[in-house]
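Next come the chains, spelled out residue by residue.
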Amino acid sequence: MNSVAKSLLESVKHGRAAWLRSSSAHSGKQHLGKLVLGIETSCDDTGAAVVDDAGNILGEALHSQKKVHLQAGGIIPVVAQQLHRENIERVVKEALHISGVSVRELAAVATTVKPGLALSLGVGLQYSLNLVKEHQKPFIPIHHMEAHALTVRLTHPVQFPFLVLLLSGGHCILAVAQGVSDFLLLGQSLDIAPGDMLDKVARRLSLRKHVECHSMAGGKAIEHLAQSGNRHQHTFRLPMQQYRNCDFSFSGLQCLVNKAIIQKEKEEGIQEGEILSCVKDIAAAVQHAVAVHIIQRTYRAMLFCIKNSILSSKNATLVVSGGVASNQYIRKGLQTLADVNDFAFLCPPPRLCTDNGVMIAWFFPFPGKQTWKV
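So, a few notes on the structure that sits alongside this text. (Residues numbered from 1 in each chain as written. Predicted model: local features only at pLDDT ≥ 70, side-chain atom pairs only at ≥ 80, totals over all residues. Heavy atoms only, no water.)

### Brief notes about the environment of Lys 209
Then comes step 1: Along the chain, the position of Lys 209 falls in the loop between α6 (194–204) and α7 (218–226).
Then comes step 2: For Lys 209 and Gly 273, which are 64 residues apart along the polypeptide, the C-alpha to C-alpha distance reads 8.4 Å.
Then comes step 3: Not counting the four nearest positions on each side in its chain, Lys 209 is found in contact with Gly 273 and Ile 275. (Helix = DSSP H or I, 4+ residues; strand = E, 2+ residues; numbered from the N terminus. Contact = heavy atoms within 4.5 Å.)

### Focus: the sheet that holds strand β8 (residues 182–188)
Then comes step 1: On the basis of which strands lie adjacent, the open sheet formed by 5 strands has the order β8-β7-β6-β9-β10 and mixed pairing. Each having just a single partner strand, β8 and β10 (344–346) make up the two edges of the open sheet. Across the sheet, the mean angle separating the axes of adjacent strands is 25° when strand polarity is ignored.
Then comes step 2: Here strand β9 (residues 317–321) runs beside β10; their pairing, made up of 3 bridges, is parallel. Directly across from Leu 318, in β10, lies its bridge partner Phe 345.
Then comes step 3: Contacts from helix α9 (residues 279–307) reach β6 (162–167), β7 (172–179), β8 and β9 within the one sheet, and its direction differs from that of β6 by about 160°.
Then comes step 4: Across the sheet, helix α10 (residues 328–340) lies against β6, β9 and β10, angled at about 155° from β10, the strand it touches most. (Pairing = 2+ DSSP bridges. Axes fitted to C-alpha atoms, helices over the stretch in contact; angles between N-to-C directions.)

### Side note on the sheet that holds strand β5 (residues 139–143)
Then comes step 1: Taken in spatial order, the 5 strands line up as β3-β2-β1-β4-β5 in an open sheet, and their pairing is mixed. Pairing within the sheet leaves two strands with one partner each, and these edge strands are β3 (57–64) and β5. Sheet twist, expressed as the mean angle between neighbouring strand axes with direction ignored, is 20°.
Then comes step 2: Strands in contact with helix α3 (residues 77–99) are β1 (35–40), β2 (45–52) and β3; relative to β3, the strand with the most contacts, it is inclined by about 160°.
Then comes step 3: Against the sheet, helix α4 (residues 118–135) contacts β1, β4 (108–114) and β5, and its axis sits at roughly 155° relative to β4.

### Describing the side chain of Asp 247
Then comes step 1: In this structure, Asp 247 sits in the loop between α7 and α8 (251–268).
Then comes step 2: Despite its burial, Asp 247 remains without a salt bridge, the nearest opposite charge being carried by Arg 297 at 6.5 Å.
Then comes step 3: When residues no more than four places from it in sequence are discounted, the contact partners of Asp 247 are Leu 186, Gly 187, Gln 188, Leu 190, Met 240, His 293 and Arg 297. (Buried < 20%, exposed > 50% of the residue type's maximum accessible area, 1.4 Å probe, protein only. Lys, Arg positive; Asp, Glu negative; His and termini not counted. Salt bridge = Lys/Arg side-chain N within 4 Å of Asp/Glu carboxyl O.)

### Considerations on the state of the cysteines
Then comes step 1: Throughout the structure, instances matching the rule amount to 0 disulfides.
Then comes step 2: Of the cysteine sulfurs around Cys 305, a residue in no disulfide, the closest is that of Cys 246, at 7.6 Å.
Then comes step 3: We note that Cys 353 lacks a disulfide partner, and the nearest cysteine sulfur, in Cys 347, lies 3.9 Å from it.
Then comes step 4: With relative accessibility at 0%, the residue Cys 353 sits in the buried group. (Disulfide = S-S within 2.5 Å.)

### Some thoughts on the pattern of salt bridges
Then comes step 1: Evaluation of the coordinates by the stated rule reveals 10 salt bridges.
Then comes step 2: When the shortest N-O distance is used, the salt bridge between Arg 351 and Glu 60 registers 2.7 Å. You can see Arg 351 sitting in helix α11 (residues 350–353) and its partner Glu 60 sitting in strand β3, a full 291 residues away along the chain.
Then comes step 3: Of the charged contacts in the structure, one is a salt bridge between Glu 89 and Lys 93, with a shortest N-O distance of 3.1 Å. Note that Glu 89 and Lys 93 are positioned in helix α3 at a spacing of 4 residues, about one turn of the helix.

### Section: the packing of aromatic side chains
Then comes step 1: Tallying each qualifying case throughout the model produces 2 aromatic pairs.
Then comes step 2: An angle of 10° between the planes, with centres 5.6 Å apart, marks the rings of Phe 160 and Phe 162 as stacked.
Then comes step 3: The partly exposed category is assigned to Phe 160, whose relative accessible area is 26%.
Then comes step 4: Accessibility expressed as a relative area gives 0% for Phe 162, which makes it buried.
Then comes step 5: Note on Phe 248 and Phe 250: the rings are 6.3 Å apart at their centroids and 10° apart in plane angle, and the pair reads as stacked. Each member of the pair, Phe 248 together with Phe 250, is buried. (Phe/Tyr/Trp six-rings, centres within 6.5 Å; stacked < 30°, edge-to-face > 60°.)

### Considerations on α4
Then comes step 1: Spanning 18 residues, α4 covers 26 Å between terminal C-alpha atoms, matching the ideal 26 Å at 1.5 Å per step.
Then comes step 2: For α4, every residue scored as buried is listed here: Ser 120, Leu 121, Val 123, Gly 124, Leu 125, Tyr 127, Ser 128, Leu 129, Leu 131 and Val 132.
Then comes step 3: A positive backbone phi angle near 55° is found at Gln 136, which sits one or two residues after α4. (Expected span 1.5 Å × (residues − 1).)

Structure follows, in structure tokens:
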């Protein structure tokens with residue numbers, strides 16, 4: 001076991017007990033309650049925020065690496081690691097400065113420890129461990145996807161249990177949130193995530209060269225072009241139609257899309273890297289297929305939860321979060337699904353759907369049974 005892992009285990013053991021014992025922040029600002037610094041470095045965003053236990057966001061800061069990785073055509077872990085190292089101290093200090101809070105006034109430091117890119121996670125973890133050691137503060141390890149799942153409770157008074165769908169570049173998960181750190185996993189992607197697939201399709205279509213999309217991330221470019229495309233011009237077979245479960249799969253769909261792109265390139269007599277004349281139609285068809293697959297599996301989860309009395313048919317709620325949840329086409333489809341099935345539909349505001357320090361600071365991991373793993 002390396003020194004970082006030992007430090008983490010020691011901090012967790014003493015930190016959780018100290019956190020549960022603590023009352024209010026030591027600054028004398030009794031009305032604010034416990035103040036937590038949240039640090040997020042799971043992928044390509046360096047985020048930090050100070051939040052109190054009532055959900056008040058005192059200050060936050062975020063540094064995005066998207067422009068750098070867009071130029072490279074994808075996230076390069078060693079590059080992401082270096083950018084986190086270069087920016088983490090500035091981001092944390094900015095969040096503290098905006099909040100008007102010093103490290104001395106914090107009740108604890110919370111940091112994403114999994115899942116994510118190992119090199120990126122390591123930067124946030126090492127910085128946090130140094131911080132808690134220097135200032136003798138409790139350390140709270142945070143599960144990134146659990147934080148996404150519960151972010152909605154920062155903006156809406158949703159009660160447990162509720163069905164949650166997490167859509168991002170790294171994950172696609174259906175689970176029932178039964179309490180803090182208490183999740184029942186219903187389904188997940190068996191291969192790649194929807195955001196990852198959309199990014200790969202965008203790269204295959206060379207959308208960075210498209211006049212309307214040169215500064216957009218892949219998924220955003222697909223969504224933008226799809227708005228003026230005709231999805232009926234291309235039909236892609238939906239994944240997992242023969243499986244009676246709530247899992248997802250996107251790699252097979254990506255292969256079908258790639259074959260269609262190759263065929264259209266042959267028909268138009270162009271080389272890979274050139275823009276197809278029908279690119280907007282392909283984008284619309286791809287986005288539609290992804291949306292329908294997600295909606296179908298979510299519908300199965302709804303039926304399962306109601307049939308087995310996991311959720312009440314009178315006040316059931318569907319929560320959708322994660323970066324892909326900001327796709328308006330997918331979101332509207334899920335909204336319609338929820339309306340038709342008498343589920344309340346809740347989604348955090350777009351800025352809280354993507355990775356951020358707020359969700360890490362606000363997620364208080366009180367003891368609970370964890371029944372899913374990512």
